[in-house]
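Here's the letter readout for the chains.
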Amino acid sequence: MKKNMIALAVAAAMVPGFAAAESKVSGFADIYYTNTDNGTKDKTDDLSVFTANAEVDFESKLSDIVSVRVDTDFALATNGGSNAGLGGNGGGPADSAAIEQAFFAASVAEGVTVIGGVFNNPIGWQAEDVVDWYTVTSTKVYGVLDDQTALYGNNIAGVAVAGDLGPVTVTGAVLNDIGLEAFDKQSIALVVNATPMAGLDVELGYVTQEDKDGVNNDADEIGGAGFTGGVGNVTNFNATYKNAGLTLGFEYMTAEKALDTGLTVMGNYMFTPAVGATIQYSSLDGDGFGGDADTRLSVAGIWNIADNLSVLAEYSTDENHDSDADATNGVDDEGSKDAITLEFIAKF
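Residues numbered from 1 in each chain as written. Predicted model: local features only at pLDDT ≥ 70, side-chain atom pairs only at ≥ 80, totals over all residues. Heavy atoms only, no water.

The next subject is the overall build of the chain. Along the backbone of the chain there are 3 helices and 16 strands. Of all 348 residues assigned to the chain, the portion counted as buried reaches 49%. Contacts in the chain between residues at least 24 apart in sequence constitute 57% of all its contacts with a sequence separation of at least 6. Only carbon and sulfur atoms are counted for the fraction: they give 59% of the accessible area of the chain, which is about 15400 Å². (Helix = DSSP H or I, 4+ residues; strand = E, 2+ residues; numbered from the N terminus. Buried < 20%, exposed > 50% of the residue type's maximum accessible area, 1.4 Å probe, protein only. Contact = heavy atoms within 4.5 Å. Areas by Shrake-Rupley, 256 points an atom, 1.4 Å probe, with all protein chains shown as cover.)

Below, the structure written as structure tokens:
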């Protein structure tokens, strides 16, 4: 399921069918309605709102060995150009427009590609863009990764080298510290991808990061609940299996601090090419979650009306547990949140 831009860049640089002097513009509009019932003591987060995000992607290969891509994200804005802040799906970039990706991929030798710039985090199961999701809401594990990368979205900046080693593809990267805690330090990432059998893709990823100053990493809550501390070095294993209309996803993640176990389990079945259903469960467990794990369950129906228009209807429920740090700060995040969302994804 994970189709990050490093993988796509490697394919574009390696596959001869990607002809020179080819350029194209693509993207999508993400329009949705969400209704939420926040079961915590603070009811101000309840929503009943329509909103929209959009993305425009530019890609080009003007030479035989180098491809270039720029992805630009847009959010619904108020007068003055700032994000309307209507919630749901992260709400898009804060200033109504932002660069998601801006990178080149150069095939420097047979089976070796160099990628440089800003690109989607190659670590983790869930992709950056909603067009590649099986549900409307993200997983809890994706929330941790997004929290740890200081750039807009779950994105990172640096230089990577991907090598096709036959049974596996290995990508190594030198990056800005992913949390931008130290501008004179780098994060190091290593990702190994393999297809051990037909229909099964597996990935093992590891990334380092500097500790964030002034934060009790053993107490703060993470995963989309206002966490601002670093979890330290992250290890992630994920797998996707596809057979006919069935897609199964699995993810396991652990980190040095606060997070002991992050888990994702997903099952999708397309009854026809146009109609399908998904159930997705994710959880986070560790010192940042009080006595119990934080969980999210999403159940979604999918209707592909046309090649460029899909509709998703989803019910999701979150269970969050307060941490000692939150209680000390007078913030109570403990409780449940239920949401019903209707989403239209129109591609061009």
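The next point concerns the confidence of the model for the chain. Model confidence for the chain is summarised by a mean pLDDT of 83, while 79% of its residues fall at 70 or above. Confidence drops under a pLDDT of 50 for residues 213-228, and excluding neighbours within four residues, the segment shows 51 contacts in the predicted structure. (pLDDT = per-residue confidence, 0-100.)

Relative to strand S14 (residues 294-306), strand S13 (residues 275-285) runs antiparallel, the two sharing 10 bridges. The partner of Gln280 across the bridge, within S14, is Ser298. In the sheet, S14 pairs with strand S15 (residues 309-320) via 11 bridges, with the strands oriented antiparallel. Bridged to Arg296 within S15 is Asp318. Once S14 ends, the chain turns through 2 residues before running back antiparallel as S15. (Pairing = 2+ DSSP bridges.)

Moving on, we get to helix H2 (residues 140-148). The element H2 is extensively covered by neighbouring structure, given that 7 of its 9 residues are classed as buried. Of all the positions in H2, only Lys140, Val141, Tyr142, Gly143, Val144, Leu145 and Gln148 are classed as buried. Buried residues belonging to H2 abut strand S10 (234-243), strand S11 (246-255), strand S12 (261-270), S13, S14 and S15.

So, about a nonpolar patch on the surface. Judged by side-chain polarity, Leu204, Phe237, Phe250, Tyr252, Val265, Ile279, Tyr281, Leu297 and Val299 come together as a nonpolar surface patch covering roughly 730 Å² of accessible area. Going through the elements one at a time, S11, S13 and S14 are the ones with two or more residues in the nonpolar patch. (Patch = residues over 30% accessible without salt bridge, like charges linked within 9 Å, V, L, I, M, F, W, Y side chains within 5 Å. Salt bridge = Lys/Arg side-chain N within 4 Å of Asp/Glu carboxyl O.)

All chains considered together, the criterion is met by 6 salt bridges. With a closest N to O distance of 2.9 Å, Asp57 and Arg69 form a salt bridge. Of the two residues, Asp57 sits in strand S2 (residues 47-61) while Arg69 sits in strand S3 (residues 66-75), which places them 12 residues apart along the sequence. Its relative accessible area of 5% is what places Asp57 among the buried residues. Classification of Arg69 by relative accessible area gives buried; the value is 12%.

One non-glycine residue, Leu180, lies in the positive phi region at around 50°. Turning to its location among the elements, Leu180 is positioned in the loop between strand S7 (168-176) and strand S8 (186-197). Positive phi is not limited to glycine here, since Ala244 has a value of about 55°. In this structure, Ala244 sits in the loop between S10 and S11.

Moving on: the environment of Tyr142. Mapped onto the secondary structure, Tyr142 falls in helix H2. Look at Tyr142 and you get buried, because its relative accessible area is 9%. Once the C-alpha coordinates of Tyr142 and Gln126 are considered, the two residues, 16 residues apart in sequence, prove to be 6.4 Å apart.

Another point: the environment of Gly276. Tracing the backbone shows Gly276 in strand S13. On a C-alpha basis, the gap between Gly276 and Tyr134 in space is 9.5 Å, while along the polypeptide they are 142 residues apart.

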